Each structure stands twice: as structure tokens, then as C-alpha cells.
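Each chain is listed here by its residues.
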Amino acid sequence: MTPAKLDSIQALEQFRASLIKQRDSRKTIISVCAGTGCQACGCQAVVNAFRTELAKANLENDVELKATGCHGFCERGPLALIQPEGIFYQKLKPSDAKLIIDQTIVGGRLVNSLLYREPISKEVIKHQADIPFYKKQMRLIFGKNGMMDPTSINDYICLGGYTSMVKALTTMAPEKIIESMKKSGLRGRGGGGFPTGRKWEHCRRSPGSPKYVICNADEGDPGAFMDRSLCEGNPHSILEGMVIGAFAIGSNEGFIYVRNEYPLAVKNLSIAIEQARELGLIGTNILGTGFDFDLEISRGGGAFVCGESTALMASLEGKMGEPRAKYIHTVDQGLWDKPTCLNNVETWANVPVIIEKGAEWFSKIGTDNSKGTKVFALTGKVFNTGLVEVPMGITLREILYDIGGGVSNPKKKFKAVQTGGPSGGTLIVETSDPDIHDSLVAHGDIREDEQVKSLLDLPVDFDELTRAGSMMGSGGMIVMDSDSCMVDVARYFLRFLQEESCGKCVPCREGIVVMLDILNRICSGEGSMEDIRSLEQLAQVITDTSLCQLGGSAPNPVLSTVTYFRQEYMAHCVDKRCPAGVCKDLVSHAIDETCTGCFACVKACPTNAIVGEPKKLHMIIQDKCIQCGACYQICRHDSIKRIKRGDGDKLQQRAKERWQAPVRATAAASV
Amino acid sequence: MSDHPETNFDLEQRITAIVKEYGAKPSALIMILQDIQKHFRYLPKDAMEMVAKKMRLPLAQIYGVATFYRSFSLEPKGKNHICVCTGTACHVRQANVIVDKLERDLGIKSGQTSADQQYSLESVNCLGACALGPLVTANDVYWGNMTVSKVDKMLAEVRGKKTPRTEEVA
């Protein structure tokens, strides 16, 4: 039921009350995560199965089925939450729907096989809140994702949505809202960390008119997907934040700039805007308060540089997304040269929380200079991948071990964590590696007798990450284990940035290409120590002279890896060896004696370089091998080794001898 | 002569409809071009000229935008679009092995379209489902946690024109 346009605060409250009255709080709700991550593992089929089974069991009126936004725990998807009990089922198949309805909904029993099992203690956990992945989180802005259908404004209103907007529009003057934002200590979540309240204040005072507010949902950062999940899972919280911001600044028009690669986000945001407009929560004379604000969606063209505010505005104007120098601030002259306040998705979503709970409450969360929570996209070689929202100041150890559950392959070791995407850096987390110790000693970072200080206990906030040589960025956190080559990672980011550089200024356009050339040389075994020095010099120049932050921070991934993993660079340059076995030109693949002869690698090999009979030791014909790594990826027994180029035959010869030795011994014993 | 299958009359109607949907304002240019590309699988020259005329923008600006952004192509793309995510999370989980495999199997390099216009292979920088890396999309269907052997399965499905799978549990 949708009422006519709500024309007063009372009308909204009455509407909310009627909605809540209609709903039975004891009613069972099955929330199936339908974020993009879960969609990729087939959640739509699970939702359909639930719908069919509910109809078959005649429970359609007693049980509510919701396809919600991202619940965060992508690793375990597709997942479902049974409320009000909070039972958490994971890795669902469509056939499980019947099981859950028969046993849990009707029978009141748990389906043990679908519950989360703690990997080490093997303990079965029933409730979502008790799972270690969720336990240490503080889901201020992500919490509602699992409770609402993102395409239903009624759901959002039932959960108390738009109360902050009402509070701001009726009881707070614009100056007071800005004061409140300043007091809360909220800093921009897009990566730069500029104080939001100060930006708003500056924009309000700027004399130009009209003024614009923009939500930057152009999440181009590889390895980060929190903005996407918010747009998909809780679009109204972004709208609400934007209305409050617009009121505080004195703007009547807004834009949401979304990546075109995020079709579900575009869809859900469009629905949300449509619904809010129909109800009169945006548009002219919002709830009879006399304030007008409307907004529209603009789809981006897929250029990373459009994350930069000036480039994004150029793009919105229908031009090429080239940034300009910011000696004139965008809060003075932004979109169409009018004062413009641009904030990131997560920043806008924080606004209603601050207004609702108060600046003081908010400023108690976090560290001295970084308040509130931050959503991180925890991915890579970690056990529990997904989105985690944690209070600022939490240590890397807590994120990686307590929430992340440690490295995904127990046979490998944690090596590093990359934060801040292409603008950020790679931080060392594994300290027992003697190579790393020697490297830091050689570079003069520590004394010979000193222990390497692990960054695992680094409190994660804006300033600490910057101090450690990385940055917060938009919050991607990519875990790497001993299989990741740090030179290759640096090269990866430079290649990305070279492709994405808009080409307007010379240092970025030319400098990144030269740095990339050097890294390509190092990775192919043709580098020298002189190259490492050139890299450091180039990095300095590019940082100092680039026009925008894409170029300004481009050398970060290189510099941080040179600092923390100099030994690995030296191995490439001097020994012509890739310790992690990633750089193709420096690696040979070979099979060792742990091979069980399962044939998997033989099937995977594209060049028929692997020979062997079933259940017998396989061999790689080195001349035929193209080092594609397909066999390494597929082998379940860790029998494929990536070793120094040219050593393949030696390892295989040894394996052959050892493989035959026990066979001979057994044969002798049986005689 | 036009380089696309539609007659000029059809083309004009279609573009009028698309421009009308967003309004002929500069801020809608990217979206208009995206919709045109979605229909033709690339941006035909005639279409861009028509957009310039209808929106009263210089053709140079339309070309500027069409060549600046990654999502646009001036060359026709294949019927089946395979896209490998090579974002950081996918990269550390060896997305390059998957790209290599697809390049070999399809006989084209990343960024190219096969001669019979059946397949386009592309590697993109992030599809935003990083927890499931390496990730591939085949005609907008997501395939998470890709392995070399799953690629065969995926290609069989794309080639066989089977109905999109209803269930894929990684």
C-alpha cells in the first residue's frame, strides 16, 4: 500500500505507525542475501526455491521472504538469515530451501549441516551475532542491509528511516547541522579523509548559486566494493544523507554518479529515488517544510580518474573526465562552475546516523583523529572474505585474524596486506621471514640486532595508515600470502594506473610509463640495482609534480613495496629469481615426489607438457611448458613447485629417484 | 554507406527515443551513448553524428567522450561478451591464468573480437565482487572462484547457447 504524497511530518509519522502496526514483529522473516557477490554464486535460484516451497507449504502469509542487500559475509554465500531468532544459514543450494522450511520454520529445529562451523574448533554456531566474522564488527551503516528489501521504502521507514531527515529539517538550523558534523569528527570516506563538516561549511558560505550536492558512487578502486553494496542494499540511507546535506549547504539539486558496471546499484538507486519522490520525501516542499531538493542518477563511463572530484564533475557535464588543478576549490566552483559539495557514498550514509544518535555519541567511536566506523572489503588470500565494518582504531591483527580467520591456505604464510588500492601501499605483516629482516637492515630501516616490527598491531585509521606508507583509500584490504610476488603487485598497480591515467599532465602520463617499463624489466629478469634507485627517484618527481591525486599517489604501491620488500626486488635484479614464483620469465614449474598421479594437471595443461600414467609420478617436459600456471592452480596436493628458472629438470630428477625409492623398499620387504 | 544493419530511418527513430528518455542535456551524454552502445554493441558513426545534431553538441565532444571512457567501443563487439575481472583481489588469486586460458581457447587476445564476431574477450579492472575472485562474466552471468576447469564448463554453456544456468554453487 502506498499512500498519496506525504505533505507533513505528522503524515509521515502516521504512515510509519500504520506500517509498523500492520507488521507482526514475531513473524518469521527469511532474508536471503541478494547482493552481487551472492548472485554470482546463484542466490536467485535459492530465493526462487524458497518462494516455491513456501507456496507449497501454504506459509506465504505466515513467513515473509526478503531478498536483501549484501550481508557482508560473501565467502559463505548464498546465505540466509532467519529472523527474529537470527539463525544464520550459509552456502545454500536451492534444494536446501525445502529442508529449512520443513525443519526450521515448521519443525522448529536447526539444520546443522547448513550452520556456520568454526574452522578450527569445529564448533557449530547458530546465531549470526556469535560468528567470529560478525562478532567484532560494529555495523552502524551496514547493519540494516540484512533487515530490509532495498526496493521497499516501507521497509526502510519501518526501521526508522527518514527520522534523521525530519529531525534535521524541523529542529536544526543549517548551521547547527554543520556544527554537528564538525563535532562528530566525520572525515570523508572516499579516501582523502577531509573533514566533512568543514567542507559543508565552506560550501554553504560560498557565494555562488545554485549549489549542488553530489554523491560519488564511482567506485573504480579494484578490490573495493563497499559503495556498491550500500547502493544496492540500502539506497535510502544515501538519499537521506544527501537531503540533510543539501539542506545544510543550501542546495536544491543533487546527482548520484554511479558506475555503469554496477547495474544493480543503478537499478536500486533509481527505484529508491522514484519511491522517495512519490512519497514526497524528496522533491518540492519536502514534508511541508518548504525545503526543495531533488536528485538524479548519472551513470559513469568507467574511468578510474573520475573518482577525482574535478574529473567527475567534468564527466557530469558531458565532457571527457579530465581533472583540473584545484587552486580553485570545487566547493567554490565545481559543477558548471557553481559551488558543489561532493562526498562519497559511505560519507553520505554516515550522516543520518550522526543526526540520529548525536555528534557526541558518534565521536566516542574511533581514534583521536578518525571517528566512527569504516567499511573494509577484505579479500585476497584470507579465509573469510567479505565486507567488514569496524570501528576506527581496530588493529590489523583483529581484522585479519579475528574477523578474517587468517590466511586461506593453511600451508601458506601471511605476507602482506595491501590497503588503499592503486593509491595506497602494501604493508608487511609477516615478520619471521629472514629475507625481510635482511632487507630492512640493508636499507637502514632497522639495526642488525633489531627485530622487525610487525604492522599487525597497527591501529587502522587515516593517519596511522598514512604514516606506515599506505593510505585508507576507499577501504580495499587485499591479503597476500607467500604465493604473491611484491614486484608483480607493484607492476600490477602501475599497469592499472597507466591505463587509467587521463594523460592530461606529463609527469603522470610519461612518468608512470617509464616506471612500468622498469618494473617489466625487473620482472623479466633484466633489471639491475640501478633500476631500483631510478624507481625511487621517479616516484619522488611524479608525486611532487602531478596535477591530481591519481598521479600524485601513483608511486605509492612501488615505494611501499621497495621499502618493505627490498630483498624481493634484489632477488629479481641480482639472483634473477622470483621468490614467490609468480614472474613467468624467472620461473620453472616442476612436479615433486608428493605427486599422487591424479591426472588433474595433465588435463589442465594446454600444451600437453605434462606426461604420466594414472597413479604414477607425473613429469613436466620443460621444453614444452609455457609457465601458464594452470597446473599449479589445479593441483590439490601442492605437488607442483614453482622454482628458479632452469631448475625444473633437477627437481624432477630428484623426485623420480625418491618416488622410486620407497617402492623398491616395499618390494624388498615383501620378498 | 552506413556500417550497421539499421536503416537511417530506424536509426533516427531509435536515437530520438533514447535522447528523449534522458533529455538533450550534456549531463546525459554518457548515458545516451551507453544506451546506443548497448543496442548496437558499439557506437556507429552515423549514430554519433545524429546525437551531436540532436543535442547541439560539437561532434568532436561526442568523439572525445566516446574515446575517453573505457566502456565505449568504436568497433563492433562480439555476440558473446566474456569479461575477466583483473582487479587486485582477482589478480592475487591468479586471474592471469584464466585470461591466458581464455585467450588460447578463443584464439583472440584480451580486448579483441573474434573474426566471426561471435566472441569478445575483455579484461576489466574491477567488477566489484572481489570476494569471489577470480571472477568472470559471460554475457553478464557471473562466474565466481574461477578455475581452469570451470572455464571449459562456462565456454560450453556459452557455445551451447543453453538457457542461463539457474544454479551455480562455487
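These numbers were taken from a predicted model, which means no experiment stands behind them.

## As for the nonpolar core
Generally speaking, nonpolar side chains in soluble globular proteins are found buried as a group.
Then comes step 1: Ranked by size, the top nonpolar core spans 79 residues in total, and within it Tyr162(A), Trp200(A), Ile256(A), Leu281(A) and Phe293(A) carry the most contacts.
Then comes step 2: For this core, the leading source of residues is helix α11 (residues 235–249) of chain A, giving nine residues.
Then comes step 3: Excluding anything up to four places from it in sequence, Trp200(A) contacts Ile177(A), Ile178(A), Met181(A), Gly245(A), Ala248(A), Ile249(A), Cys341(A), Asn343(A), Trp348(A) and Val351(A).
Then comes step 4: Formed by 73 residues, the second largest nonpolar core is a distinct cluster that contains Phe304(A), Leu11(B), Leu29(B) and Val51(B).

## A word on the state of the cysteines
Residues and elements named next belong to chain B.
Then comes step 1: Across all of its chains, the model carries zero disulfides over all chains by this definition.
Then comes step 2: Its sulfur unpaired, Cys 83 is 8.1 Å from the next cysteine sulfur, which belongs to Cys 85.
Then comes step 3: For Cys 83, a relative accessible area of 7% corresponds to the buried category.

## Here we look at the packing of aromatic side chains
Then comes step 1: According to the stated counting rule, one finds 17 aromatic pairs over all chains in the structure shown.
Then comes step 2: Each ring, one from Phe73(A) and one from Phe133(A), has its centre 4.0 Å from the other, and the planes form 10°; the classification is stacked. Separated by 60 residues along the polypeptide, Phe73(A) in the loop between β2 (63–68) and β3 (80–83) and Phe133(A) in helix α5 (residues 132–135) bring together distant segments of the chain. Each member of the pair, Phe73(A) as well as Phe133(A), is classed as buried.
Then comes step 3: An angle of 85° between the planes, with centres 6.5 Å apart, marks the rings of Tyr69(B) and Phe72(B) as edge-to-face.
Then comes step 4: By relative accessible area, which is 1% here, Tyr69(B) ends up buried.
Then comes step 5: A residue is classified by how much of its surface remains accessible, and Phe72(B), at 8% relative accessible area, is buried.
Then comes step 6: Three or more aromatic residues joined by ring pairs make a cluster, and in this case those are Phe73(A), Phe88(A), Tyr116(A), Phe133(A) and Tyr134(A).
Then comes step 7: Of note, Arg642(A) hangs over the ring of Tyr632(A), and the distance from its end group to the ring centre comes to 3.9 Å.

## Observations regarding the interface of chain B and chain A
Then comes step 1: Listed as interface residues are 48 residues of chain B and, on the opposing side, 68 residues of chain A.
Then comes step 2: Interface area, chain B with chain A, both sides summed: about 4,500 Å², of which 55% is carbon and sulfur.
Then comes step 3: Per-residue buried area on chain B facing chain A is highest for Phe68(B), Thr88(B) and Val92(B); these three make up 14% of the total on that side.
Then comes step 4: Where chain B meets chain A, there are five salt bridges.
Then comes step 5: Across the pair Glu296(A) and Lys25(B) runs a salt bridge, and its minimum N-O distance is 3.1 Å.
Then comes step 6: Where chain B touches chain A, the interface holds 25 residue pairs in polar contact (both at pLDDT 80 or more).
Then comes step 7: When grouped by side-chain class, the residues that make up the side of chain B that touches chain A number 23 nonpolar, 16 polar and nine charged.

## Digging into the packing of α11(A) against helix α14 (residues 345–357) of chain A
Residue and element names in this part refer to chain A.
Then comes step 1: Viewed as axis vectors pointing N to C, α11 and α14 meet at an angle of 75°, and their least axial separation amounts to 7 Å. Taken together, α11 and α14 sit at an angle that is classed as roughly perpendicular. Facing α11, whose interface residues are Ser 237, Ile 238, Glu 240, Gly 241, Met 242, Ile 244 and Gly 245, α14 presents Val 345, Trp 348, Ala 349, Val 351, Pro 352 and Ile 355.
Then comes step 2: Grouping the amino acids of the contact of α11 with α14 by side-chain chemistry returns nine nonpolar, three polar and one charged.

## Let's talk about the environment of Gly190(A)
Residue and element names in this part refer to chain A.
Then comes step 1: With respect to the helices and strands, Gly 190 occurs in the loop between α8 (174–184) and α9 (196–205).
Then comes step 2: In the structure, Gly 190 is positioned 288 residues away from Ile 478 in sequence and 17 Å away in space, judged by C-alpha atoms.
Then comes step 3: With sequence-adjacent residues up to four places away left out, Gly 190 is seen in contact with Asn 344, Thr 347, Gly 473 and Ser 474.

## Structural notes on the side chain of Arg228(A)
Then comes step 1: With respect to the element layout, Arg228(A) can be found in helix α10 (residues 226–233).
Then comes step 2: Overall, Arg228(A) belongs to the buried group, its relative accessible area being 2%.
Then comes step 3: Setting aside residues up to four positions removed in sequence, Arg228(A) forms contacts with Thr36(A), Glu219(A), Glu261(A), Tyr262(A), Ala265(A), Leu127(B), Gly128(B), Ala129(B) and Tyr142(B).

About the thresholds
- Residue positions are given per chain, counted from 1 along the sequence in the order it is written.
- Here the convention is simple: chains get letters from A, ligands get numbers from 1, in the order in which they are written.
- A pLDDT threshold of at least 70 governs which residues receive local features in this predicted model, and a stricter bar of 80 or more applies before side-chain atom pairs are shown or counted, although totals over entire chains, interfaces and linings include all residues.
- For the side-chain quantities, the full set of heavy atoms in the structure was used; hydrogens and water were omitted.
- Think of a nonpolar core as a cluster: buried Ala, Val, Leu, Ile, Met, Phe, Trp, Tyr and Cys residues, connected wherever their side-chain atoms sit within 4.5 Å.
- Note on classification: 1.4 Å probe, protein chains only; a residue is buried when its accessible area is under 20% of the maximum for its type, exposed when over 50%, partly exposed between these limits.
- Secondary structure counts use DSSP, requiring at least four H or I residues in a row for a helix and at least two E residues in a row for a strand, with both numbered from the N terminus.
- Contact criterion: two residues are considered in contact whenever any of their non-hydrogen atoms come within 4.5 Å of each other.
- Any cysteine sulfur atom paired with another within 2.5 Å is treated as part of a disulfide.
- The aromatic pairing rule takes the rings of Phe, Tyr and Trp, using the six-membered ring of Trp, and pairs them if the centres are within 6.5 Å, calling planes under 30 degrees apart stacked, those over 60 edge-to-face and the rest tilted.
- Cation placement over rings: the criterion is NZ of Lys or CZ of Arg within 6 Å of the ring centroid and within 35° of the ring normal.
- A simple way to read buried area is as the amount of 1.4 Å-probe accessible surface that goes missing from two parts once joined, with both sides added.
- We count a salt bridge whenever a side-chain nitrogen from Lys or Arg sits within 4 Å of a carboxyl oxygen from Asp or Glu.
- Under the rule applied, a polar contact is a pair of N or O atoms within 3.5 Å (in protein, one hydrogen donor and one hydrogen acceptor; residues adjacent in sequence only if both atoms are side-chain atoms).
- Ten residue types, Ala, Val, Leu, Ile, Met, Phe, Trp, Tyr, Cys and Pro, are classed as nonpolar, four, Asp, Glu, Lys and Arg, as charged, and the remainder, Gly among them, as polar.
- Think of each axis as a best-fit line through the C-alpha atoms, taken over the contacting stretch in the case of a helix, with angles from 0 to 180 degrees between the N-to-C directions.
- For classification, angles of less than 35 degrees are called roughly parallel, those exceeding 145 degrees roughly antiparallel, those between 65 and 115 degrees roughly perpendicular, and all remaining angles oblique.

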